[in-house]
Amino acid sequence: MISIYAFPVVVQVNGNYLKLQAGYLFPEIARRVNTFLEVNQNVELIRLGIGDVTEPLPLACRTAMKSAIDEMGTESGFHGYGPEQGYTWLREVIAKNDFQSRGCDISPEEIFVSDGSKCDSSNILDILGEGNRIAVTDPVYPVYVDSNVMSGRTGHAGDLGRYQGLSYLPITAENNFVVDLPDQPVDLIYLCFPNNPTGAVASKSQLKCWVDYALEHKALILFDAAYEAFIQDPELPHSIYEIDGARECAIEFRSFSKNAGFTGTRCAFTVVPKVLKGNAIDGDEVDLWSLWNRRQSTKFNGVSYIVQRGAEAVYSLEGKAQTTSLVEFYMKNAAIIRNKLSAIGLDVFGGEHAPYVWIKTPNDIDSWGFFDLLLNCAHVVGTPGSGFGASGEGYFRLSAFNSRSNVESAMKRITQFS
Ligand SMILES: *Cc1c(COP(=O)(O)O)cnc(C)c1O
């Protein structure tokens, strides 16, 4: 057939994706591990690098999902499409247990159930304008940065791999892992506490500084509380809505991935208070709740009924006990890592209210140098801090998500060679 077009039609790609730096961190870890294993075939490596849980799903969740499956096999209990926002019974237990019980004024309608906070924290950009000035911490959960790059909200990456147009706020030992307010005004601020990767936490007064800043500058805080269940100190806030005024300036992301082992089951939620406002380009106030509701209704068809029943069971008496003991298990791992590494003179941070221990590399070795050292001498795989941002250079992340015996052997190996 003869084309009627003078030129072949060429599909254009989203050029913003081409600005992304090659997914450097995890492929590079895999490359170095494989090279090592080619030469050392019978060495058993212990991997403390992954941000994925390892313990089995709580019984309460499994039982609830099994009976939901059986229900689905009956005429009266069958469920087709559910509400895009999540079933009311789940939104109600979430609002009550995670928010109202802590004095946070959050209603079930303000909770949007989803299949993950990785997606939510990137999808949220759909309802936000392109002119916003954006701040992220450094080091940072890479999803926040890359989703801004993909949606065209940054320039190219420059020195240190930092993208033009983003403000990077360092969190390091120098500032005690307290994120300082930006010196140039910003409109959107991503905060994650307890923090991945540093394990740092934010006190009520520190969060209050951010809420005050956001209210004063009419900015929006995107608060990722995926690790709130790991908080041990009752004085620390679990939700940004524990701070007065946060309803007017913050969206919160929560997930069942880490507290209930749902990384492979997939359920999370996002809180969008009804009073939150943004501006249209003509200056008119628009409420963000309606936009997010519209976005989810159009682009999302909800989480499976079965999985939502599993998430609901997290709030049952058994579910609470079982998720608490999961968290305790990982926190005991974190304590073992902290204690053993401090005892050999390493500076360790985090790991007290988060499943990540953040280690200052000794003798100014860089992050990748320390990675190679641990791999070759201790046969332990961790994550180089520089992979999370320029300010992560000189640090190293070990994850407490592993079996007790792996954590103990890894610590034995590290302390023996040191
Ligand atoms: C693990 C994690 C999440 C959870 O993501 P899901 O998509 O819900 O599994 C969110 N934020 C951070 C920073 C995380 O490390």
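Keep in mind it's a predicted model, so treat the numbers as computed, not measured.

Visitor: Which parts of the structure should I look at to understand the site of the ligand?
Guide: Close to the ligand lie 14 residues; D224, Y227, S255, S257 and K258 are nearest. A distance of 2.8 Å separates an oxygen atom of the ligand from a polar atom in the backbone of S117. Protein contacts shield 94% of the accessible area of the ligand, which totals 380 Å² for the unbound molecule. In this structure the site holding the ligand corresponds to the largest pocket.

Visitor: What is the right way to look at the packing of helix 1 (residues 25–39) against helix 10 (residues 367–378) in this model?
Guide: Axes are the key here: two packed helices are described by the angle between their axes and the distance separating the axes. Running from N to C, helix 1 and helix 10 cross one another at 35 degrees; their axes reach a closest spacing of 11 Å. In terms of crossing hand, the pair formed by helix 1 and helix 10 is right-handed. Note on element contacts: helix 10 touches helix 1 through W368, F371, D372, L375 and N376, opposite L25, E28, I29, R32, V33 and F36. Partitioned by chemical class, the residues of the contact of helix 1 with helix 10 number seven nonpolar, one polar and three charged.

Visitor: Even after reading the chapter, I still don't get the side chain of T172, so can you show me in this structure?
Guide: Take T172: it is sitting in the loop between strand 4 (166–170) and strand 5 (188–192). Residues within four places of T172 in sequence aside, it is in contact with F177, S391 and Y395.

Visitor: I would appreciate a short explanation of helix 1 in the present structure.
Guide: An α-helix turns once every 3.6 residues. As a result, residues three or four positions apart point the same way. A rise of 1.5 Å per residue sets the reference length of helix 1, with its 15 residues, at 21 Å; its end C-alpha atoms lie 22 Å apart and thus fit the reference within 8%. Where helix 1 is buried, its residues touch strand 1 (46–47), helix 10, strand 13 (380–381) and strand 14 (383–384).

Visitor: Where do I start with the nonpolar core in this structure?
Guide: Membership of the largest hydrophobic core comes to 93 residues, with the highest contact counts inside it found for I221 and F256. Taken together, domain 1 (15–56 + 318–417) and domain 2 (60–316) each give at least three residues to this core, which thus spans both. Beyond its immediate stretch of four places on either side in the chain, F256 contacts I94, G261, F262, C267, A268, F269, A311, V314 and Y315. Of all hydrophobic cores here, the second largest spans 26 residues; its members include L128, V145, L188 and W289.

Visitor: Is there a simple way to think about the pattern of salt bridges in this case?
Guide: Side-chain pairs of opposite charge can arise whenever the charged atoms involved come near each other. Applying the stated criterion to the full structure yields 16 salt bridges. Note that R31 and E28 form a salt bridge whose closest N and O atoms lie 2.9 Å from each other. Of the two residues, R31 and E28 are both situated in helix 1; the distance of three residues between them amounts to about one turn of the helix. Judged by its relative accessible area of 47%, R31 falls in the partly exposed class. A salt bridge links D126 to K299, with the nearest nitrogen and oxygen atoms 2.9 Å apart. In this pair, D126 sits in the loop between helix 4 (117–123) and strand 3 (134–138) while K299 sits in helix 7 (residues 288–299), placing the two residues 173 residues apart along the sequence. Since its relative accessible area comes to 41%, D126 is described here as partly exposed. Three or more residues joined by partner-sharing salt bridges are found here, namely E28, R31, R32 and D372.

About the criteria used
Residues numbered from 1 in each chain as written. Predicted model: local features only at pLDDT ≥ 70, side-chain atom pairs only at ≥ 80, totals over all residues. Heavy atoms only, no water. Near = heavy atom within 4 Å. Polar contact = N/O pair within 3.5 Å; in protein donor to acceptor, adjacent residues only side chain to side chain. Areas by Shrake-Rupley, 256 points an atom, 1.4 Å probe, with all protein chains shown as cover. 1 Å grid on protein atoms, 1.4 Å probe; cavity = no way out; pocket = protein on both sides within 12 Å on 5 of 7 lines; lining within 4 Å. Sits in = over half its atoms within 2 Å of the grid points. Axes fitted to C-alpha atoms, helices over the stretch in contact; angles between N-to-C directions. Helix = DSSP H or I, 4+ residues; strand = E, 2+ residues; numbered from the N terminus. Left-handed = near helix turned anticlockwise from the far one by under 90°. Contact = heavy atoms within 4.5 Å. Nonpolar A, V, L, I, M, F, W, Y, C, P; charged D, E, K, R; others polar. Expected span 1.5 Å × (residues − 1). Core = buried A, V, L, I, M, F, W, Y, C linked by side-chain atoms within 4.5 Å. Buried < 20%, exposed > 50% of the residue type's maximum accessible area, 1.4 Å probe, protein only. Domains from an automatic or database assignment. Salt bridge = Lys/Arg side-chain N within 4 Å of Asp/Glu carboxyl O.

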